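Below are the chains, spelled out letter by letter.
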Amino acid sequence: MRYFIKLAYNGTQYHGWQIQPNAISVQQRLNEALTLLLRQPVEVTGAGRTDAGVHGRGQVAHIRLPDDFRIPEHKIAIAFNSRLPKDIRITAVQITERDVQARFDAISREYSYSISTQESVFFRNFCWQVRFPFDVHRLHDAATLFLGSHNFTTFSKINHDTKNYVC
């Protein structure tokens, strides 16, 4: 069985999603928590990666669990969250018998960026606080350059498993 988990995390204290050799990551904390809960090594595979300090609102990942795993589906998130730090939460779990993966079978990814012209101690880790005047209409016009399909080969590492770099 493959278990898909949807999670949210405040990435302020983490050096991104992916395990790093000398820094704490969200994936590392998930692996540690699930390994502790299940008393055997567990590896979580995410649909994508985030950079240091970036938050996830609906990150999807999958894990394979042992055949003798017996926590009822409606209690899995509660059990997982009991071992996770408070800044990482499993928000949903879906079990499937299909051979699908969070990373390679994802059909979309969405990123959101927030800008504020007001300083706030409550939002300082969640938006770019701009202290100079800017024209929001010019910013919107510039953003339209990213609409549509584009080849991102120049921004990508060479990966022989990737069939194309058009997004």
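Further up the page is the structure itself.
As the structure is a prediction and not an experimental result, all values here were calculated from the model.

Draft legend 1. View of the overall build of the protein. Of the regular secondary structure elements, the protein holds 3 helices and 6 strands. In sequence order, the secondary structure elements of the protein are arranged as β-α-β-β-α-β-β-β-α. A principal-axis box enclosing the C-alpha atoms of the protein has dimensions of 60 × 40 × 30 Å. A burial count over the protein gives 31% of its 167 residues as buried. Within the protein, contacts between residues at least 6 apart in sequence are counted, and of these 57% link residues at least 24 apart. Accessible surface computed for the protein: about 12400 Å², of which carbon and sulfur atoms make up 53%. Seen as two clouds, the 20 positive and the 15 negative side-chain charges of the protein have centres 4 Å apart.

Draft legend 2. Local environment of a positive patch on the surface. Where like charges cluster on the molecular surface, the positive patch consists of Arg49, Arg103, Arg109 and Lys157. Tracing the backbone shows Arg109 in the loop between β4 (88–96) and β5 (115–116). Classification of Arg109 by relative accessible area gives partly exposed; the value is 43%.

Draft legend 3. A look at the sheet that holds β4. A sheet is described by the order of its strands in space; here 4 strands give the open sequence β2-β3-β1-β4, paired in antiparallel fashion. The two strands at the open ends of the sheet, each matched to only one other strand, are β2 (45–46) and β4. Packing of helix α1 (residues 26–38) onto the sheet brings it into contact with β1 (2–9), β3 (56–64) and β4, and relative to β4 it is tilted by some 65°.

Draft legend 4. How the structure looks around the environment of Pro66. Structurally, Pro66 can be placed in the loop between β3 and α2 (76–81). Excluding residues within four positions of it along the chain, Pro66 makes contact with Leu38 and Gln40.

Draft legend 5. A look at α1. Over its 13 residues, α1 extends 18 Å from the first C-alpha to the last, a length consistent with the 18 Å expected when each residue adds 1.5 Å. All of the buried residues in α1 are Val26, Gln27, Gln28, Leu30, Asn31, Ala33, Leu34, Leu37 and Leu38. The elements touched by buried residues of α1 are β1, β3, α2 and β4. Where α1 starts, the residue carrying a side-chain oxygen 3.1 Å from the main-chain nitrogen of Gln28 turns out to be Ser25. Just downstream of α1, Arg39 is the residue with a positive phi angle, here 60°.

Draft legend 6. A look at the pattern of salt bridges. Scanning the model with the defined rule gives 2 salt bridges in all. The shortest N-O distance in the salt bridge between Glu32 and Arg29 comes to 2.7 Å. One end of the pair, Glu32, and the other, Arg29, are both in helix α1, 3 residues apart, so they sit about a helical turn from each other. Overall, Glu32 belongs to the partly exposed group, its relative accessible area being 36%. Residue Arg29 is classed as partly exposed on the basis of its relative accessible area of 26%. In this structure, the salt-bridge partner of Arg131 is Glu119, at a minimum N-O distance of 3.3 Å. A residue pair is termed long-range when its members are at least 10 positions apart, and Arg131 in the loop between β6 (128–129) and α3 (136–143) and Glu119 in the loop between β5 and β6 qualify at 12 residues. We note that Arg131, like Glu119, is exposed.

Cut-offs and rules
Residues numbered from 1 in each chain as written. Predicted model: local features only at pLDDT ≥ 70, side-chain atom pairs only at ≥ 80, totals over all residues. Heavy atoms only, no water. Helix = DSSP H or I, 4+ residues; strand = E, 2+ residues; numbered from the N terminus. Buried < 20%, exposed > 50% of the residue type's maximum accessible area, 1.4 Å probe, protein only. Contact = heavy atoms within 4.5 Å. Areas by Shrake-Rupley, 256 points an atom, 1.4 Å probe, with all protein chains shown as cover. Lys, Arg positive; Asp, Glu negative; His and termini not counted. Charge placed at Lys NZ, Arg CZ, Asp CG, Glu CD. Patch = residues over 30% accessible without salt bridge, like charges linked within 9 Å, V, L, I, M, F, W, Y side chains within 5 Å. Salt bridge = Lys/Arg side-chain N within 4 Å of Asp/Glu carboxyl O. Pairing = 2+ DSSP bridges. Axes fitted to C-alpha atoms, helices over the stretch in contact; angles between N-to-C directions. Expected span 1.5 Å × (residues − 1). Polar contact = N/O pair within 3.5 Å; in protein donor to acceptor, adjacent residues only side chain to side chain.

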